[in-house]
Amino acid sequence: MMMMMMMMTTRRVSTNSSLSATAFGSFTKWSFKSSQFHGESLDSSVSPLLIPGVHVFHCPDVVGIVAKLSDCIAAKGGNILGYDVFVPENNNVFYSRSEFIFDPVKWPRSQMGEDFQTIAKKFNAMRSVVRVPSLDPKYKIALLLSKQDHCLVEMLHKWQDGKLPVDITCVISNHERAPNTHIMRFLQRHGISYHYLPTTDQNKIEEEIFELVKDTDFIVLARYMQVLSGNFLKGYGKDVINIHHGLLPSFKGRSPAKQAFDAGVKLIGATTHFVTEELDSGPIIEQMVERVSHRDNLTSFVQKSEDLEKKCLMKAIKSYCELRVLPYGTHKTVVF
């Protein structure tokens, strides 16, 4: 056992996104009962007493981090199901995401938070977050949109089907919608408030928006065609996620899809990213692309573009809620 522990404390992570074969071979013998990697979903069916948890960690890179984190879980009777590590080349920082199952009687949720916080202090962590989906409250979010409905409709349907692990507190738009429409009836039926806040170039109604969203965990811009100011972003202080088209070459102004169609574009895309003061330049969470051709008319071209935006936004939100997204420097993200 002493020799095995020595092997653990001298582990070295490779500069790609996985453990080296030698270090990982020793590591699995020491603490893993099973191993599933790179984004597989947790499954608590192993035992009715065990429930899944997720922990992400970001700190300066030193020897012994993996050993300490895994020992914390194993010492409480937990079982690691998946572990992912990233140490950037020529950058002395460490990122990890672990998926595990545990008995909440043996390891109470409050104690779990304290245990991981102790490790965070030991390694001067920039971020240490643990989440137990079955015990922790769902993320509260607000949706902002303008005239287009496709992203909103997709989110509402995924939320209704239980595939979007959030609570939608309200929908805010700078475009009015008639009361007897599918969307408005859906919102009313599910008790989600709708707020029409018309904006002008001189008044972006940001104070009114802030009052509606200040208690949420993050905001989603589901095709909101207004720029949020730096003052609003600083005042809100939490993440704002945006989706926008990726029609290349870049087409700005009105009807970008028609501009791209008229220009004979062959590749369309969508990008989900965090919102910063610099428009559409925040750290990227997810991107998707699809080919179009001369056989597409304007209707099918637009439909493909909107479908791509919906898929890209849904995947990004799911990744965010599952603690798969970590900041990497100023402009990048690590997405496990």
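Residues numbered from 1 in each chain as written. Predicted model: local features only at pLDDT ≥ 70, side-chain atom pairs only at ≥ 80, totals over all residues. Heavy atoms only, no water.

Naming follows an unreviewed UniProt entry, where the chain appears as Formyltetrahydrofolate deformylase 2, mitochondrial isoform X1 of Raphanus sativus.

**Details of the nonpolar core**
Soluble globular proteins tend to pack their nonpolar side chains together in the buried interior. Here is the rule: The definition of a nonpolar core used throughout is a set of buried Ala, Val, Leu, Ile, Met, Phe, Trp, Tyr and Cys residues joined through side-chain atoms within 4.5 Å. Exposed residues in this analysis have more than 50% of their type's maximum accessible area, buried residues have under 20%, and partly exposed residues fall in between, with area computed by a 1.4 Å probe over protein chains only. Secondary structure elements are taken from DSSP: a helix is a run of H or I of four residues or more, a strand is a run of E of two residues or more, and numbering for both begins at the N terminus. Just so you know, the domain bounds were taken from an automatic or database domain assignment. Residue contacts are defined here by distance: any two heavy atoms, one from each residue, within 4.5 Å place the two residues in contact.
In this structure, I141, M155, V166, F218, L313 and I317 are the most contacted members of the largest nonpolar core, which totals 55 residues. By residue number, the principal contributor to this core is helix 10 (residues 298–321), which donates 9 residues. Structurally, this core is a two-domain feature, drawing no fewer than three residues from each of domain 1 (51–131) and domain 2 (139–335). F218 has contacts with Y139, K140, I141, A142, V166, Y236, D239, I241, I317, Y320 and C321, leaving out every residue within four places of it along the chain. By size, the runner-up hydrophobic cluster in this structure holds 23 residues, among which are V66, F100, F102 and F123.

**Focus: the pairing of strand 12 (residues 325–328)**
Defined as follows: Strand pairing is defined by DSSP finding a minimum of two bridges between the two strands.
Two elements, strand 12 and strand 13 (residues 332–335), share 4 bridges in a ladder whose sense is antiparallel. Across the sheet, residue V325 finds its bridge partner in strand 13, namely V335. Counting the residues that bridge the hairpin from strand 12 to strand 13 gives 3 residues, and of these G329 lies at a positive phi of roughly 70°.

**Quick word on the layout of surface pockets**
The criterion, for reference: Note on definitions: the grid is 1 Å and covers protein atoms alone; a cavity is a set of points where a 1.4 Å probe fits but cannot get out; a pocket is an open set with protein on both sides within 12 Å along at least five of seven lines; lining residues have an atom within 4 Å of a point. Grid points are joined across faces, edges and corners, and a volume is the space filled by probe spheres set on the points. Amino acids outside the nonpolar list (Ala, Val, Leu, Ile, Met, Phe, Trp, Tyr, Cys, Pro) and the charged list (Asp, Glu, Lys, Arg) are all regarded as polar, and Gly is one of them.
By volume, the largest pocket amounts to about 1,500 Å³. Around the largest pocket, the lining comprises 48 residues; the ones closest to its centre are R223, M225, H245, G253 and P256. Breaking the lining of the largest pocket down by element, the ones donating at least two residues are strand 9 (240–245), helix 9 (256–262), strand 10 (267–274), strand 11 (284–291) and helix 10. The greatest single-element share of the lining of the largest pocket, amounting to 6 residues, is contributed by strand 10. Of the residues belonging to the lining of the largest pocket, the class tally is 20 nonpolar, 18 polar and 10 charged. In this structure, the second largest pocket is lined by 22 residues; those nearest its centre are R127, D239, F274, Y320 and P327. When contributions to the lining of the second largest pocket are tallied by element, the ones reaching two or more residues are strand 4 (127–131), strand 12 and strand 13. Per-element tally for the lining of the second largest pocket: the top contributor is strand 12, with 3 residues. When grouped by side-chain class, the residues that make up the lining of the second largest pocket number 13 nonpolar, 4 polar and 5 charged. Counting residues domain by domain, the lining of the second largest pocket receives three or more from each of domain 1 (51–131) and domain 2 (139–335).

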